[in-house]
Every structure is written in structure tokens, then in C-alpha cells.
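Observations on the model geometry
Residues per chain, in single letters:
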Amino acid sequence: MSQEIDTEKLDLLAFAAHPDDAELNAGGLIAKMTRLGYKVGIVDLTAGEMATRGSVASRREEAAHAAQILGLAVRENLGFPDGNLSAEDPQAKRKVVESIRRHRPAVVLAGLTVDYHPDHYRGGQLVSDAAWLAGRTRYDTAQEPHQVKRVLHYPEHFVKEVSFIVDISEDFDTKRRAVLAFASQFYQPDSAEPATYISSKDFMGFWQAQARYFGGLIGKTYGEPYFMHEPVEVPDPVSLWS
Ligand SMILES: [Zn+2]
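All residue numbers refer to positions counted from 1 along the written sequence of the respective chain. Reporting of local features is limited, given that this is a predicted model, to residues whose pLDDT is at least 70; pairs of side-chain atoms are given and counted only at 80 or more, and all residues count toward the totals for whole chains, interfaces and linings.

Our focus in this paragraph is the packing of helix α1 (residues 21-35) against helix α5 (residues 172-180). The axes used here are C-alpha line fits, helices contributing only the stretch in contact, and every angle between their N-to-C directions lies in the interval 0 to 180 degrees. By the criteria applied, helices consist of DSSP H or I runs no shorter than four residues and strands consist of E runs no shorter than two, each listed in order from the N terminus. Two numbers describe how α1 lies on α5: the axes approach to 8 Å, and their chain directions differ by 140°. With respect to α5, the element α1 is oriented oblique. Two packed elements cross with a definite hand, and for α1 against α5 that hand is right-handed. Here Glu23, Leu24, Gly27, Gly28 and Ala31 of α1 come into contact with α5, specifically with Phe172, Thr174, Lys175, Ala178 and Val179. Its residues assigned to classes, the contact of α1 with α5 comprises 5 nonpolar, 3 polar and 2 charged. Each angle is binned into one of four classes, with values under 35 degrees roughly parallel, values over 145 roughly antiparallel, values of 65 to 115 roughly perpendicular, and all other values oblique. Note on convention: the crossing is left-handed when the near helix lies turned anticlockwise from the far helix by less than a right angle, right-handed when the turn is clockwise. Residues are defined as contacting one another if the C-beta atoms placed from their backbone atoms lie within 7 Å. Residues are grouped as follows: nonpolar covers Ala, Val, Leu, Ile, Met, Phe, Trp, Tyr, Cys and Pro; charged covers Asp, Glu, Lys and Arg; every other residue, Gly included, is treated as polar.

For the rest of this paragraph, the subject is the environment of glycine 27. Turning to its location among the elements, glycine 27 is positioned in helix α1. Each residue is classified by how many other C-beta atoms fall within 10 Å of its C-beta atom, where C-beta atoms are placed from the backbone; a count of 20 or more means buried, 12 or fewer means exposed, and values in between mean partly exposed. Look at glycine 27 and you get buried, because 29 C-beta atoms sit within 10 Å. When the C-alpha atoms of glycine 27 and threonine 174 are compared, they prove to be 8.0 Å apart, with 147 residues separating the residues in sequence. Those residues within four positions of glycine 27 in sequence are excluded, and the remaining contacts are Ala22, Leu70, Lys175, Ala178 and Val179.

Turning next to the nonpolar core. In this structure, Ala14, Phe15, Ile30 and Val108 are the most contacted members of the largest nonpolar core, which totals 54 residues. Per-element accounting of this core gives the leading share, 7 residues, to α1. Those residues in contact with phenylalanine 15 that lie beyond four places of it in its chain are Val43, Leu45, Val108, Leu109, Ala110, Gly123 and Val127. For the purposes of this analysis, a nonpolar core is taken to be any set of buried Ala, Val, Leu, Ile, Met, Phe, Trp, Tyr and Cys residues that are connected through C-beta atoms within 7 Å.

Moving on: unusual backbone geometry. For aspartate 20, which is not a glycine, the phi torsion comes out positive at approximately 120°. Looking at where aspartate 20 falls in the secondary structure, it is placed in the loop between β1 (12-16) and α1. Unusually for a residue other than glycine, arginine 104 sits at a positive phi of about 50°. For arginine 104, the location among the structural elements is in the loop between α3 (90-103) and β4 (107-111). On the basis of neighbour counts, which here come to 18 C-beta atoms within 10 Å, the residue arginine 104 falls in the partly exposed class.

Looking at the secondary structure, you find alanine 211 in helix α6 (residues 203-217). With 39 residues separating them in the primary sequence, alanine 211 and phenylalanine 172 have C-alpha atoms 8.4 Å apart. Excluding its chain neighbours within four sequence positions, the residues that come into contact with alanine 211 are Ile168, Phe172, Tyr222, Gly223 and Glu224.

Taken in spatial order, the 5 strands of this open sheet run β3-β2-β1-β4-β5, and their pairing is parallel. Whereas interior strands pair on both sides, the edge strands pair on one side only; in this sheet they are β3 (74-80) and β5 (150-154). Pairwise comparison of adjacent strand axes, ignoring direction, gives a mean angle of 20° for this sheet. The pairing of strand β2 (residues 40-46) with β3 spans 5 bridges and is parallel. Bridged to valine 43 within β3 is glutamate 76. Of the strands in this sheet, β1, β2, β3 and β4 touch α3, which is tilted by about 170° from β3. For two strands to count as paired, DSSP must find a minimum of two bridges between them.

Note that all results are geometric; they support no functional claim without further evidence.
See below:
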């Protein structure tokens, strides 16, 4: 999908180091929000050119297909270097701030800042820092400043700490279809491409089991965990748990 300029205000904007990270790790929440009528976008930070399988062109088509399945209002790719994302690069930070100020989301999703893959934790930090900068009146991008209400971090390779779990039982099937839109990355018995962890025959089973596990913790069929640095306010615990 092209780098379209979309000035439409979004409710939720998910940033992902690689095209398919948002689907794999936050696809349930994204699908749920679009089903409930919110405007949601995904901004991929890199085109995935370092991936073992597929190509940048096939990944771009897969990302557009996944965007349709999820009902996204916008999907962009910032074209940062795959395998070499930097949380410190001022140019990259500026591009993320510009994206946030263009779409003006209340809530931003970003990768957890602890992960096995450097792009994941650096991307998570880059987005978190840019979300703060987007609200600073003296950080000039020739756009209005925009205060993001919350940055929610989604775990990727492993889960460190959970602040809350979203019930995605009704949306798990949509999430799975959006993930499988990235056919080049996952198990295909006839593929001649090199095997990876996520293309192994077992991976989708592990992935589904994690959603079942987090669903089980809240008494639901499927769940998706999120971490936020700030404490969560609960105005009325009795009403919440009655
Ligand atoms: Zn990734």
C-alpha cells in the first residue's frame, strides 16, 4: 500500500517493526476496535527486507490484504532499515512524530521495549519516545502538536509483564486470517524457501495456545496481553467486578 497522506483522525494507531508484527501480536485488539466502529491504522516501520522468506513486494501485497481483513482506515510504511532500527535516530523519530500528528490517535500501540529481536525493542522505544515528542509544542514539524493519551505495548517473542488482557474471543478468527494473509512468512508444506521459527509447522499452534492461555486468565476463550508503564485507574472496583 502506498505512503498515502491521510489526514483522517484515527482512534488507534499501531506501530510495528515489520509488516505482520501488528497482526501477530495486536491483531485481536485491532480487529475488535474496527468491529466496534473505531478508526484504526497500522504504520509499519520497515518493509521487512531482511526477512528470510518472501520479498518486499510480496510482503507489501500481503500487508494490503491483511489491512482489508482488519478493516483498517490507513496503512503506511515508513521504510526504515530492517534489522537496523534505531530508537536514537533523530530523522526516524521525526517521521514517527509526523505520522502521529497526521493521524492524531488517542491510543498508540507499540512493541514491548524488551524482546529477543533488536528491531522490536528499539522500535517500541522509538515509538514511545516519539509519542511523547508529538505532544511538545516546541518540537516543530509544521503540524499541530498532538497529545497521545496512552502508549500500550504488545509483547512479541516473550511476555515480561502484563498490565491488562483484552478479550479477543470474537475476533480471534479475524486475527488469524490477517496473520495468514502473510502467506510467505508461515508454514507452507510445498515452500522451497528456508525454514524459520514462524514458518515451522508448530508455530501457529504455539501462537494460538498463547491466546488461549491469556484468555483463560480472564475466563474467556482468547485473550491478548498488553503492558503499560503507567498504573491503570479503576474508578469503581465494585462495579467492575460485580
Ligand atoms: Zn518483527
